[in-house]
Amino acid sequence: MLTASTPKLDLIETWQDGDPEHRVHVQFPINTHTGSGDERGRLSAGDLAVIPAMVPHGVRNVGEERLKVVGFFSEAKIISEFSEPLQPVGAAVLEMGAEPPAAVEVA
């Protein structure tokens, strides 16, 4: 699991020569070069965790506030497998996302 605290990121100001008014502050703290491993970690509000694809993982709220979990996936269709059925859905395997658009023939 890789983690990053978004409020603590050192952002880099970027722009393009063709549009110097369009400025964006960015940082890419988790990438192919930062590695990953089998570990446990505690996250705070605003933190990110990256779990490599197909690696079993779990989430547990140890605080008093509501835990919000957001997933980012590179595929259009996501299949999630849980060790027990996820309620209120009642299924241990969930398929989410749309099928890819059909090919369109151009004359």
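We now turn to the structure provided with this report. (Residues numbered from 1 in each chain as written. Predicted model: local features only at pLDDT ≥ 70, side-chain atom pairs only at ≥ 80, totals over all residues. Heavy atoms only, no water.)

**Remarks on the overall build of the protein**
Each helix and strand counted, the protein has zero helices and six strands in total. Going from the N terminus to the C terminus, the protein shows its helices and strands as β-β-β-β-β-β. Computed over the C-alpha atoms, the radius of gyration of the protein is 19 Å, more than 25% above the 13 Å expected from 2.2 N^0.38 for a compact globule of 107 residues. Summarising its shape, the C-alpha atoms of the protein cover approximately 55 × 55 × 30 Å along the three principal directions. Looking at the protein as a whole, 7% of its 107 residues are labelled buried. Counted over contacts in the protein with a minimum sequence separation of 6, partners at least 24 positions apart contribute 33%. By element, 53% of the accessible surface of the protein is carried by carbon and sulfur atoms, the whole surface being about 10100 Å². (Helix = DSSP H or I, 4+ residues; strand = E, 2+ residues; numbered from the N terminus. Rg over C-alpha atoms; globule rule 2.2 N^0.38 Å. Buried < 20%, exposed > 50% of the residue type's maximum accessible area, 1.4 Å probe, protein only. Contact = heavy atoms within 4.5 Å. Areas by Shrake-Rupley, 256 points an atom, 1.4 Å probe, with all protein chains shown as cover.)

**Section: the side chain of serine 5**
Its location among the elements puts serine 5 in strand β1 (residues 2-5). One polar contact links serine 5 to aspartate 47, side chain to side chain, over a distance of 3.2 Å. Leaving out residues up to four positions away in the same chain, serine 5 has contacts with Gly46 and Asp47. (Polar contact = N/O pair within 3.5 Å; in protein donor to acceptor, adjacent residues only side chain to side chain.)

**Comments concerning the packing of aromatic side chains**
On inspection of all chains with the given rule, the structure shows zero aromatic pairs. A cation over a ring is seen here: arginine 23 above tryptophan 15, with NZ or CZ 4.3 Å from the ring centre. (Phe/Tyr/Trp six-rings, centres within 6.5 Å; stacked < 30°, edge-to-face > 60°. Lys NZ or Arg CZ within 6 Å of the ring centre and 35° of its normal.)

**Topic: the pairing of strand β6 (residues 91-96)**
Bridge count for strand β5 (residues 78-86) against β6 is five bridges, and the pairing is antiparallel. Across the sheet, residue isoleucine 79 finds its bridge partner in β6, namely glutamate 95. Here β5 hands over to β6 after four residues, with glycine 90 in that stretch at a positive phi of 80 degrees. (Pairing = 2+ DSSP bridges.)

So, to be careful, I would describe these as geometric facts and stop short of saying anything about function.
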